[in-house]
Amino acid sequence: LATLLTGLQNQPSVSLGHLLPEGTPTPLILALILIKTTSLLICPLALGVCLTANLTAGHLLIQLISTATTALLPVIPTVSILTTSILLLLTILEVAVAIIQAYVFILLLSLYLQENI
């Protein structure tokens, strides 16, 4: 909301120009402005939910596998060692996913700010 308001304050014609495509029929103007404004407000929320879900899923999977590893250690040590190696690989994958998510977040945030400010 602050980004939208800053864009409207600094460059009103450019910000309003993003809300309405060129050559829009007159009866559709109000509907398109409402739809575009709603999408601009929802976009950062959707990005945050997506990032949170991706990172939480990885952490949850690591927690489940580490709990299984700890439970299997006294019962079946060989399976526990195998599960520990899978856990190590999953941790490396989780770090890679976190790096990619950070890159995507910064890229989408910069595009979003560039469009609105």
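Residues numbered from 1 in each chain as written. Predicted model: local features only at pLDDT ≥ 70, side-chain atom pairs only at ≥ 80, totals over all residues. Heavy atoms only, no water.

- The name recorded for the protein in an unreviewed UniProt entry is ATP synthase F(0) complex subunit a, from Spheniscus mendiculus.
- For the record of the protein, the UniProt heading Catalytic activity (unreviewed entry) holds the text "H(+)(in) = H(+)(out)". (UniProt positions renumbered as here; feature names shortened; annotations may be inferred.)

## A short note on helix α1 (residues 2-10)
Part 1 of the argument: Among the residues making up α1, those that are buried are T3, L4 and G7. When α1 is viewed along its axis, its buried side chains cluster within an angular range of 100° and face the same direction. For α1, exposure combined with an orientation more than 90 degrees from the buried face picks out A2 and Q9. (Buried < 20%, exposed > 50% of the residue type's maximum accessible area, 1.4 Å probe, protein only. Helix = DSSP H or I, 4+ residues; strand = E, 2+ residues; numbered from the N terminus. Arc of directions from axis to C-beta.)

## Some points on the UniProt feature "transmembrane region" (unreviewed entry) in the protein
Part 1 of the argument: Under the present numbering, the feature "transmembrane region" (unreviewed entry) in UniProt falls on residues 28-53, 60-80 and 86-113.
Part 2 of the argument: Between the C-alpha atoms that bound residues 60-80 the distance is 19 Å, and the span itself is 81% helix and 0% strand.
Part 3 of the argument: Overall, residues 86-113 shows 100% helix and 0% strand. The separation of its end C-alpha atoms is 40 Å.

## Let's talk about the confidence of the model for the protein
Part 1 of the argument: Across the protein, the average pLDDT comes to 85, with 98% of residues at 70 or higher.
Part 2 of the argument: No element of the protein has a lower mean pLDDT than helix α2 (residues 12-19), at 78, and none a higher one than helix α4 (residues 77-116), at 87. (pLDDT = per-residue confidence, 0-100.)

## Here we look at a nonpolar patch on the surface
Part 1 of the argument: Together, L1, L5, L8, L16, L41 and I42 give the surface a local cluster of nonpolar side chains, amounting to about 550 Å² of exposed area.
Part 2 of the argument: Along the chain, L1 turns up in the segment before α1. (Patch = residues over 30% accessible without salt bridge, like charges linked within 9 Å, V, L, I, M, F, W, Y side chains within 5 Å. Areas by Shrake-Rupley, 256 points an atom, 1.4 Å probe, with all protein chains shown as cover. Salt bridge = Lys/Arg side-chain N within 4 Å of Asp/Glu carboxyl O.)

## Let's talk about the environment of V75
Part 1 of the argument: Note on placement: V75 falls in the loop between α3 (29-72) and α4.
Part 2 of the argument: Along the backbone, V75 and A102 are 27 residues apart, and their C-alpha atoms lie at a distance of 40 Å.

## Some details on the side chain of T83
Part 1 of the argument: For T83, the position within the fold is in helix α4.
Part 2 of the argument: On the accessibility criterion, T83 (14% relative accessible area) is buried.
Part 3 of the argument: Among residues more than four places away in sequence, those in contact with T83 are I65, T69 and L72. (Contact = heavy atoms within 4.5 Å.)

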